[in-house]
Amino acid sequence: MTELGIGIGWRPEIADAVEELPVDWVEVVAENVCVGHLPDSLTRLRARGVTVVPHGVSLGLGGADRPDPERLAALASKAEALGAPLVTEHIAFVRAGGPLTATPRLEAGHLLPVPRTRDALDVLCENVRIAQEALPVPLALENIAALFSWPGEELSEGRFLAELVERTGVRLLIDVANLHTNHRNRGEDPARALAELPVEAIAYVHVAGGVERDGVWHDTHAHPVPAPVLDILADLAGRVAPPGVLLERDDHFPAATELAGELAAIRATVTTARRTAPRAPSTGTHSAGTVAFGPDVVGTGAGGTGAGGRLAARHGVGAAVLRSGRALAGGDPLHIGAGARVSGGPMPASRPAPPAATAAHGTPVPVPVPSGPVTVPSGPVAVLARPETGSATAAPPRAASPDAGDVVRQRLGVGQAALLSALVAGTPVPEGFDVRRIRVQSRALAAKRVSVVARIAPDLPRILGADFRPAFLAYARRRPMPGSYRRDALDFVEGLLLDGRPEHRELTRWWRERAESRPPGIAERLARAGRRVFGGR
């Protein structure tokens, strides 16, 4: 197992502080770094031997579509450029719709939870295997925080993660702050989740702060780490020695002394928990801090040849095990990152290359989805019928298929598209979801769009003043997010120009410096205004 130690999330706003903090490694948001143009701070950290791990946020491995090869290639190139021992991503979906469901493509701009169902697990496992084939180093996946639950779930979080590991050999990035969030918002027991996890598959751990708003806990990464999160970290560290623990901070950055204090508290929590943890008797076949695989690994491991050997070299697990989904059991321990090298702002002026939802407070309401072929409606996205299931812990396992068929993907995709449409396009909330929580999530997504656009395009709040936030929220209510926050900022300004804002001259200048095309002229503005009046844009 690659020993990472105590680290912090590297962000440009705290780059100087990170270089002075007592950290063993850093994590960078993969989409925020460019191969060949690494920030000077990261270059200096790497020169000192500090490990840098790229952390992706846009693959959407929990989505119904197969992973985008270009996104995978970009993540792979960044892992190689940083000399990273592994890469990490999330168990989440971030977009929905498109050709699979014959509905408009929608972007969330945020990590949204996948339903813990057998269908979703089948799709996720196939997507993970595709990603593993494309990446040069091991992959670890993070559990996410959620404000709401999917109705009709068949597995607990711990069992969902355990089966994912058993079927793919993927590592886990356990975010204890997200376990706390799901305890507050969904009534899930963090201790039970940890008890069900294959803790030996943990690559590292995230720790972060949050805040309560609108009656739910928001995982903001912008507040101090609360005591309950450190308690969950202590519980985890009492079960297994985590190879690494990382502090995340993404906004409202405090002084370096406060960050140093939080790192010291994390280090002390882990040290104390390991000192007081009961020692389990050694069996000689499975040790804490390692992932052990069965005898099928023999002959297909790092010393093997062909596709199996290449997969094993990259992921520490035999290709046969990866493809068949056989469970982890016995055998010699393999180490995360074995054979891998160990070592990571504003929008540019010009474009660079509690409980589940219930019916009348009664029993959970399942999402209906048919088991046969899916007919996608041509009108508003609908949720299709699924036979009712039992409790989240009583669902019988089913044999893993070699890949998730298009019917299963389509069934999952229709449900995700219906949910995302309710969140970002104002369509009705699908049956079985907690309507109040979906509205809270919808407001949170819009607020995040405002915050990110203000950060990447700081001239816009300056130009518009106090009207920036209400103007953007009004735009967001009628325009779902496009493919990127950069495009979101450009579309927002285009709308302002079409509306004939008094800041027209400054907005036009801003547009010309950042867009490849000219801003809409008078004729185009009149045409678009007419389309809006007569029923569409």
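Residues numbered from 1 in each chain as written. Predicted model: local features only at pLDDT ≥ 70, side-chain atom pairs only at ≥ 80, totals over all residues. Heavy atoms only, no water.

Draft legend 1. Main features of the environment of Glu 248. Examined against the element boundaries, Glu 248 turns out to sit in the loop between β12 (244-247) and α9 (256-276). Among the residues examined, Glu 248 registers a relative accessible area of 4% and is labelled buried. C-alpha of Glu 248 to C-alpha of Gly 7: the two residues are 241 residues apart in sequence and 9.0 Å apart in space. Not counting chain neighbours up to four residues away, the residues in contact with Glu 248 comprise Arg 11, Glu 27, His 55, Asp 175, His 206, Val 207, Ala 208 and His 221. (Helix = DSSP H or I, 4+ residues; strand = E, 2+ residues; numbered from the N terminus. Buried < 20%, exposed > 50% of the residue type's maximum accessible area, 1.4 Å probe, protein only. Contact = heavy atoms within 4.5 Å.)

Draft legend 2. Spatial organisation of the packing of helix α4 (residues 118-134) against helix α12 (residues 406-424). Interhelical geometry of α4 versus α12 gives an angle of 115° and a closest axis separation of 9 Å. In terms of orientation, α4 and α12 fall into the roughly perpendicular class. Handedness of the crossing formed by α4 with α12: left-handed. For the pair α4 and α12, contact is made by Asp 119, Ala 120, Val 123, Glu 126 and Asn 127 and by Val 408, Arg 409, Arg 411 and Leu 412, respectively. Among the residues forming the contact of α4 with α12, the class breakdown is four nonpolar, one polar and four charged. (Axes fitted to C-alpha atoms, helices over the stretch in contact; angles between N-to-C directions. Parallel < 35°, antiparallel > 145°, perpendicular 65-115°, else oblique. Left-handed = near helix turned anticlockwise from the far one by under 90°. Nonpolar A, V, L, I, M, F, W, Y, C, P; charged D, E, K, R; others polar.)

Draft legend 3. Fine view of the side chain of Thr 88. In this fold, Thr 88 is placed in strand β4 (residues 87-90). Judged by its relative accessible area of 0%, Thr 88 is buried. A polar contact of 3.1 Å, which involves the side chain of Thr 88, links it to the side chain of Tyr 204. (Polar contact = N/O pair within 3.5 Å; in protein donor to acceptor, adjacent residues only side chain to side chain.)

Draft legend 4. Up close: the confidence of the model for the protein. Here the protein averages 80 in pLDDT, while 72% of its residues score no lower than 70. Every residue in residues 282-395 is under pLDDT 50, and counting partners more than four places away or in other chains gives 241 contacts. (pLDDT = per-residue confidence, 0-100.)

Draft legend 5. Representation of the pattern of salt bridges within the structure. With the rule as written, the count across this model stands at 32 salt bridges. Here the residues in one salt-bridge network are Arg 116, Glu 153, Glu 157, Arg 186 and Glu 188, joined through shared partners. (Salt bridge = Lys/Arg side-chain N within 4 Å of Asp/Glu carboxyl O.)

Draft legend 6. Representation of the pairing of strand β7 (residues 139-142) within the structure. What you see with β7 is no split at all: Leu 139 and Leu 141 on one side and Ala 140 and Glu 142 on the other are buried throughout. In this structure, β4 lies alongside β7, joined through four bridges in parallel fashion. In the strand pairing of β7, Glu 89 is matched with Leu 141. Handedness of the β7-helix α5 (residues 157-168)-strand β8 (residues 171-175) crossover: right-handed. (Pairing = 2+ DSSP bridges. Right-handed = clockwise from strand over helix to strand, strands pointing away.)

Draft legend 7. Spotlight on the packing of aromatic side chains. One pass over the full model with this rule turns up nine aromatic pairs. With 4.7 Å between their ring centres and 70° between their planes, Trp 25 and Tyr 204 make a pair best called edge-to-face. Taken together, the residues span a long stretch of sequence, with Trp 25 in strand β2 (residues 25-29) and Tyr 204 in strand β9 (residues 202-207) at a distance of 179 residues. The pair formed by Trp 25 and Tyr 204 is uniform in burial state, with each residue classed as buried. Here the aromatic rings of Phe 472 and Phe 492 are separated by 4.9 Å at their centres, their planes lie at 65°, and the arrangement is edge-to-face. Of this pair, Phe 472 sits in helix α15 (residues 468-478) while Phe 492 sits in helix α16 (residues 485-498), placing them 20 residues apart in sequence. (Phe/Tyr/Trp six-rings, centres within 6.5 Å; stacked < 30°, edge-to-face > 60°.)

Draft legend 8. Representation of helix α2 (residues 40-47) in the model. Listed as buried for α2 are Ser 41, Leu 42 and Leu 45. Seen from one end, α2 has its buried residues packed into an arc of 95°, which puts them on one side. Away from its buried face, by an angle of more than 90 degrees, α2 presents the exposed residues Asp 40 and Ala 47. For α2, the secondary structure elements touched by its buried residues are α1 (15-20), β2 and β3 (51-55). At the exit of α2 stands Gly 49, carrying a positive phi of roughly 90°. (Arc of directions from axis to C-beta.)

Draft legend 9. Structural detail: α15. The set of residues buried in α15 consists of Phe 468, Ala 471, Phe 472, Tyr 475 and Ala 476. The buried residues of α15 all sit within an arc of 135° when viewed along its axis, so they share a single face. Where α15 is buried, its residues meet α12, α13 (435-456), α14 (459-464) and α16.

Draft legend 10. Structural context of unusual backbone geometry. Positive phi outside glycine occurs at His 221, with the angle close to 60°. Structurally, His 221 is set in the loop between β11 (216-218) and α8 (227-239). For His 221, a relative accessible area of 10% translates into the label buried. Positive phi, normally seen in glycine, also occurs at His 252, with a value near 50°. When you line up the elements, His 252 lands in the loop between β12 and α9.

Draft legend 11. Here's a closer look at the packing of α16 against helix α17 (residues 504-514). Two elements in contact, α16 and α17, have axes separated by 10 Å at closest approach and are oriented at 145°. The crossing of α16 and α17 is left-handed. Seen from α16, the contacting residues are Arg 486, Arg 487, Ala 489, Leu 490, Val 493, Glu 494, Leu 496 and Leu 497; seen from α17, they are His 504, Leu 507, Thr 508, Trp 510, Trp 511 and Arg 514. A per-class count over the contact of α16 with α17 returns eight nonpolar, two polar and four charged.

Draft legend 12. Spotlight on the pairing of β3. For β3, the tally of buried residues reaches five of five residues, placing the bulk of the element in the interior. Side chains Thr 51, Val 53 and His 55 of β3 all project onto a buried face; the interleaved residues Val 52 and Pro 54 project onto the opposite face, where all are buried too. Note on the crossover from β2 through α2 to β3: the handedness is right-handed.

Draft legend 13. View of the environment of Val 245. Within the secondary structure layout, Val 245 lies in strand β12. Of the residues examined, Val 245 reaches a relative accessible area of 2% and is grouped as buried. Sequence separation of Val 245 and Leu 4 is 241 residues, and the distance between their C-alpha atoms is 7.7 Å. Apart from residues no more than four positions distant in its own chain, Val 245 is found in contact with Gly 5, Ile 6, Gly 7, Trp 25, Val 205, Val 207, Leu 233, Ile 266 and Val 270.

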